Amino acid sequence: MAFELPALPYAKTALAGGGMCEETLELHHGKHHQAYVTALNGFVEKTDALKGKTLEEIVKLSYGQADMAPVFNNAGQHWNHILFWQAMSAQGGKIPGALEKKLTEDFGSVQQFKDAFKTAATTQFGSGWAWLVLGSDGKLKVTKTPNGSNPLATGEGKALLGCDVWEHSYYLDFRNRRPDYVQNWLDKLANYEFAHAQMG
Ligand code: MN3
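This is a predicted model, so every value here is computed, not measured. (Residues numbered from 1 in each chain as written. Predicted model: local features only at pLDDT ≥ 70, side-chain atom pairs only at ≥ 80, totals over all residues. Heavy atoms only, no water.)

With that out of the way, let us pick up the domain arrangement of the chain. In terms of domains, the chain is made up of domain 1 (21-86) and domain 2 (97-198). Just the C-alpha atoms count here: the centres of domain 1 and domain 2 sit 20 Å apart. Contacts between the two partners involve 21 residues from domain 1 and, on the opposite side, 24 residues from domain 2. When the two sides are added together, the surface that domain 1 and domain 2 hide from each other amounts to roughly 1900 Å², 65% of it contributed by carbon and sulfur. Broken down residue by residue, the surface that domain 1 buries against domain 2 is led by L83, F84 and Q86, which jointly contribute 29%. Scanning the region where domain 1 abuts domain 2 turns up zero salt bridges. The interface formed by domain 1 and domain 2 includes eleven residue pairs in polar contact (both at pLDDT 80 or more). Where the side of domain 1 that touches domain 2 is concerned, the elements lending two or more residues are α1 (22-46), α2 (55-62) and α3 (69-86). In terms of residues, the side of domain 1 that touches domain 2 owes the most to one element, α3, which gives ten residues. Residues that form the side of domain 1 that touches domain 2 fall into these classes: nine nonpolar, nine polar and three charged. (Domains from an automatic or database assignment. Contact = heavy atoms within 4.5 Å. Buried area = accessible area lost by both parts, 1.4 Å probe. Salt bridge = Lys/Arg side-chain N within 4 Å of Asp/Glu carboxyl O. Polar contact = N/O pair within 3.5 Å; in protein donor to acceptor, adjacent residues only side chain to side chain. Helix = DSSP H or I, 4+ residues; strand = E, 2+ residues; numbered from the N terminus. Nonpolar A, V, L, I, M, F, W, Y, C, P; charged D, E, K, R; others polar.)

Now the structure itself:
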């Protein structure tokens, strides 16, 4: 069973009011994400060790293996983008009370959480991701990963939110201004309801 591009959980025009235009979603979902899925399926087809494995299994088994780097990059990016689409909403930016309480406990304040996330996102040199994760110690933390890597591979915790900081994610809407994209993402696009629901 080949991997498939999941449909967006909203219309391509849905996030325009929040600062992510239809063309960005058209290209990012329809071209970039699709390309990762197509490449991953190509590797699975010609690699016995990958056949029948779940996406999560492929991400974990290819992580840190030099000869599997292209497999990891594409599997990781497929996993990351599935989360990314869910991590945004047309009603984004609203933080449920229970999550606000937990963010305040673990970061000091919502503002300090956002500052930490923004720092992670803007100091990731080149392409990569910033994450809000729930660590195995039960604490929320912010991490960043390069390229297609993610907290599932590194074992840093359960990813609750992931923000793509590769230029294709923001260049049409924010040009070269990654800090503005990230601030806007946290304030207007991030789906904190989804993040909280994943905490279980
Ligand atoms: Mn991307």
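Membership of the largest hydrophobic core comes to 56 residues, with the highest contact counts inside it found for M88, L103, F117, L132, Y181 and W185. For this core, the leading source of residues is α3, giving seven residues. Both domains that furnish three or more residues to this core are identified here as domain 1 (21-86) and domain 2 (97-198). Ignoring sequence-local partners within four residues, the contact set of M88 consists of Y10, L15, M20, W185, L189 and N191. (Core = buried A, V, L, I, M, F, W, Y, C linked by side-chain atoms within 4.5 Å. Buried < 20%, exposed > 50% of the residue type's maximum accessible area, 1.4 Å probe, protein only.)

Turning our eyes to something else, we now look at the pairing of strand β3 (residues 158-164). Side-chain direction in a regular strand flips from residue to residue, so the side chains alternate between the two faces of the sheet. The element β3 is extensively covered by neighbouring structure, given that six of its seven residues are classed as buried. Pairing between strand β1 (residues 128-134) and β3: six bridges, direction antiparallel. Counterpart to A130 in the pairing with β3 is C163. (Pairing = 2+ DSSP bridges.)

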